[in-house]
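Given next are the chains, with one letter for each unit.
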Amino acid sequence: MAEKFDNLEEHLEKFIENIRQMGIIVSDFQPSSQTGLNQKLNFMITGLQDIEKCRQQLHDIHVPLEAFEYIDQGRNPQLYTKECLERALAKNEQVKGKIDTITKFKSLLITELGKVFPEEMAKYKAIHGDDPPS
Amino acid sequence: MTEIFSTLFGQTDAQAPQGSTALGFGPGKPPPPLPQTQSSVPAQIPPQHGDEGPPVRKPGVMNEPFYLLRELPVGNDLTGNTNLITHYNLEHAYNKFCGKKVKEKLSNFLPELPGMIDCPGVQDGSSLRSLIEKPPVCGNSFSPLTGALLTGFRLHTGPLPEQYRLMHIQPPKKKSKHKHRHHRPQDPMPPETPSDSDPKKKKKKRDDDPERKKKKKDKKKKKNRHSPDHPGITGTQPNSNSLR
């Protein structure tokens, strides 16, 4: 799995470096640079071919669109991962709190109902059985 | 008044349910006690003619002593009661992203990427969102450029026009305690030299260098124009870097 990403990363780095060098050549062009530029253009096309080949290996990889928004804003996409984890943990704690509160309420309710309606609660426990501690 | 109430609530059975549903209240009188034969046996739908399977217990309303008593739902093993980060073995990831401070800028995530990548993509039309909304034409294969096609990439000599020069501006590199110098060939912007240790000097030099370059080039051009030995550049604008 990591190899697929490493392969793509390598091709992308080479491609970007090639484009950067083309930019340097073009920024102050000399006639002697024409052959080099032509070579770089063909390197660019082979680079695109290599990246296209990598695409087949990564067809099952899904990237959330929200991560793209971070990149478009010039922000680190790892912040998206961080915020996802923090939100998940916060929600987990919130739900755990609700479960604990409702469990306590249930046990209190059964206790109090048992005091007020002992016969009915005995029938209820006979139907549902002794509720396991949750 | 009591006669009116008795006429309202003591009506026949056909009308009483209508009244109760119209008001939205349940029946005022408690339900009659169930016959003993039914109370001990759980409620079952009597098998219809032609049914051969076992009688199905109705999960909804049951004729038990408790009205609307339903079966408890099947409990899930995985609830919010469990620490899901531990359950899915994400502790390492959590410590990595939330334990340490993650830097804000995109250039911290991609330090080797050239150009100004910390600017929003909307400004220069390089956003990923625009790529998703308007995907480029795909499907054609990539074929190398032939000699005839490469003639379209013949450029004029000289530097780029000023309006295009900003594309090559690199963001100021941060000072690093560990001086790892990556030697790159011929950057258009002046690279950091060992003598440029002070940020003020760096800024001054960077501000001055493009201006100095321009001045030098202008001087050269003027000299070349006025010199008798100058061969004379072909026709049109000598300093434009446009494609033929």
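Residues numbered from 1 in each chain as written. Chains lettered and ligands numbered in written order. Predicted model: local features only at pLDDT ≥ 70, side-chain atom pairs only at ≥ 80, totals over all residues. Heavy atoms only, no water.

- If you look chain A up in an unreviewed UniProt entry, it shows as Mediator of RNA polymerase II transcription subunit 10 from Electrophorus electricus.
- The UniProt entry for chain A carries the following text under Sequence similarities (unreviewed entry): "Belongs to the Mediator complex subunit 10 family."
- The record held by UniProt for chain A lists under Subunit (unreviewed entry) the comment "Component of the Mediator complex." (UniProt positions renumbered as here; feature names shortened; annotations may be inferred.)

1. Focus: the overall build of chain A
Part 1 of the reasoning: Of regular secondary structure, chain A possesses five helices and one strand.
Part 2 of the reasoning: Scanning chain A from its N terminus toward the C terminus, one meets helices and strands in the order α-β-α-α-α-α.
Part 3 of the reasoning: Buried residues in chain A amount to 27% of all 134 residues.
Part 4 of the reasoning: Looking at chain A alone, contacts between residues at least 24 apart form 47% of all its contacts between residues at least 6 apart.
Part 5 of the reasoning: Accessible surface, chain A as shown: approximately 8,900 Å² in total, 60% of it carbon and sulfur. (Helix = DSSP H or I, 4+ residues; strand = E, 2+ residues; numbered from the N terminus. Buried < 20%, exposed > 50% of the residue type's maximum accessible area, 1.4 Å probe, protein only. Contact = heavy atoms within 4.5 Å. Areas by Shrake-Rupley, 256 points an atom, 1.4 Å probe, with all protein chains shown as cover.)

2. Focus on the side chain of Lys82(A)
Part 1 of the reasoning: For Lys82(A), the location among the structural elements is in helix α4 (residues 78-116).
Part 2 of the reasoning: Buried within the structure, Lys82(A) lacks any salt-bridge partner; its nearest side chain of opposite charge belongs to Glu86(A), at an N-O separation of 4.2 Å.
Part 3 of the reasoning: Aside from chain neighbours lying at most four places away, what touches Lys82(A) is Phe97(B), Cys98(B) and Val102(B). (Lys, Arg positive; Asp, Glu negative; His and termini not counted. Salt bridge = Lys/Arg side-chain N within 4 Å of Asp/Glu carboxyl O.)

3. Describing the interface of chain B and chain A
Part 1 of the reasoning: Each side of the interface is counted separately: chain B has 57 residues, and chain A has 49 residues.
Part 2 of the reasoning: Buried surface at the junction of chain B and chain A, both sides included, amounts to about 4,600 Å², of which 66% is carbon and sulfur.
Part 3 of the reasoning: Linking chain B to chain A there are two salt bridges.
Part 4 of the reasoning: A salt bridge links Arg75(A) to Glu104(B); the nearest nitrogen and oxygen atoms lie 2.8 Å apart. (Buried area = accessible area lost by both parts, 1.4 Å probe.)

4. Here we look at the nonpolar core
Part 1 of the reasoning: The biggest cluster of nonpolar side chains holds seven residues, and these are Met22(A), Ile25(A), Phe29(A), Leu37(A), Leu41(A), Leu150(B) and Leu155(B).
Part 2 of the reasoning: Elements supplying a minimum of two residues to this core: α1 (2-27) and α2 (34-57) of chain A.
Part 3 of the reasoning: The contacts of Leu150(B), once residues within four sequence positions are left out, are Asn38(A), Leu41(A), Asn42(A) and Leu145(B). (Core = buried A, V, L, I, M, F, W, Y, C linked by side-chain atoms within 4.5 Å.)

5. Describing the environment of Lys125(A)
Part 1 of the reasoning: Residue position: Lys125(A) is located in helix α5 (residues 118-128).
Part 2 of the reasoning: Between the C-alpha atom of Lys125(A) and that of Ile110(A), which follows or precedes it by 15 residues, the distance is 9.7 Å.

6. Concerning a negative patch on the surface
Part 1 of the reasoning: A grouping of Glu3(A), Asp6(A), Glu9(A) and Glu13(A) is seen on the molecular surface, where their side chains present a negatively charged patch.
Part 2 of the reasoning: Secondary-structure assignment places Glu3(A) in helix α1. (Patch = residues over 30% accessible without salt bridge, like charges linked within 9 Å, V, L, I, M, F, W, Y side chains within 5 Å. Charge placed at Lys NZ, Arg CZ, Asp CG, Glu CD.)

7. Some remarks on the confidence of the model for chain B
Residues and elements named next belong to chain B.
Part 1 of the reasoning: On average, chain B scores 66 in pLDDT, and the residues at 70 or more come to 45%.
Part 2 of the reasoning: Low pLDDT, under 50, characterises residues 189-198; the predicted model gives this stretch 12 contacts beyond four residues in sequence or across chains.
Part 3 of the reasoning: In the model output, the complex is listed with pTM 0.57 alongside ipTM 0.75. (pLDDT = per-residue confidence, 0-100.)

8. Thoughts on α1(A)
Part 1 of the reasoning: Taking 1.5 Å per residue, 26 residues should reach 38 Å; α1(A) reaches 37 Å between its end C-alpha atoms and fits that length.
Part 2 of the reasoning: The complete set of buried residues in α1(A) reads Leu8(A), His11(A), Phe15(A), Asn18(A), Arg20(A), Gln21(A), Met22(A), Gly23(A), Ile24(A), Ile25(A) and Ser27(A).
Part 3 of the reasoning: In the core, the buried residues of α1(A) are packed alongside β1 (28-29) and α2 of chain A together with β1 (158-159) of chain B. (Expected span 1.5 Å × (residues − 1).)

9. Concerning a nonpolar patch on the surface
Part 1 of the reasoning: Taken together, Leu78(B), Tyr88(B) and Leu90(B) make up a surface patch of nonpolar side chains, about 270 Å² in accessible area.
Part 2 of the reasoning: Along the chain, the position of Leu78(B) falls in the loop between α3 (36-39) and α4 (84-87).

10. Structural notes on the environment of Lys103(B)
Part 1 of the reasoning: Positionally, Lys103(B) belongs in the loop between α5 (91-99) and α6 (106-109).
Part 2 of the reasoning: On the basis of relative accessibility, which here comes to 52%, the residue Lys103(B) falls in the exposed class.
Part 3 of the reasoning: Here Lys103(B) is in contact with Asn76(A), Leu79(A) and Asn108(B), once residues within four sequence places are set aside.

11. Here's the deal with the packing of helix α3 (residues 65-72) of chain A against α4(A)
Residue and element names in this part refer to chain A.
Part 1 of the reasoning: Contact geometry for α3 and α4: axes closest at 8 Å, N-to-C directions at 135°. The pairing of α3 with α4 is recorded here as oblique in orientation. Crossing of α3 over α4 shows right-handed handedness. Of the residues in α4, those touching α3 at Glu-66, Ala-67 and Tyr-70 are Leu-79, Tyr-80 and Glu-83. (Axes fitted to C-alpha atoms, helices over the stretch in contact; angles between N-to-C directions. Parallel < 35°, antiparallel > 145°, perpendicular 65-115°, else oblique. Left-handed = near helix turned anticlockwise from the far one by under 90°.)

12. Observations concerning the packing of aromatic side chains
All names here are of chain A.
Part 1 of the reasoning: All chains considered together, the criterion is met by two aromatic pairs over all chains.
Part 2 of the reasoning: Here Tyr-70 and Tyr-80 contribute two aromatic rings whose centre-to-centre distance is 5.8 Å and whose plane-to-plane angle is 65°, an arrangement assigned as edge-to-face. Of this pair, Tyr-70 sits in helix α3 while Tyr-80 sits in helix α4, placing them 10 residues apart in sequence. As far as burial versus exposure is concerned, Tyr-70 and Tyr-80 are alike and both buried. (Phe/Tyr/Trp six-rings, centres within 6.5 Å; stacked < 30°, edge-to-face > 60°.)

13. Here's the deal with the pattern of salt bridges
Part 1 of the reasoning: Enumeration over the complete set of coordinates arrives at eight salt bridges over all chains.
Part 2 of the reasoning: In this structure, the salt-bridge partner of Asp100(A) is Lys96(A), at a minimum N-O distance of 3.2 Å. Here Asp100(A) pairs with Lys96(A), and both are found in helix α4, just four residues apart, close to one helical turn.
Part 3 of the reasoning: The residue Glu112(A) makes a salt bridge to Lys115(A) at a minimum N-O spacing of 3.3 Å. Taken as a pair, Glu112(A) and Lys115(A) lie in helix α4 at a separation of three residues, close to a single helical turn.
Part 4 of the reasoning: On the accessibility criterion, Glu112(A) (41% relative accessible area) is partly exposed.
Part 5 of the reasoning: Its relative accessible area of 59% is what places Lys115(A) among the exposed residues.
Part 6 of the reasoning: A cluster of three or more residues bridged by salt bridges with shared partners is formed by Arg75(A), Glu83(A) and Glu104(B).

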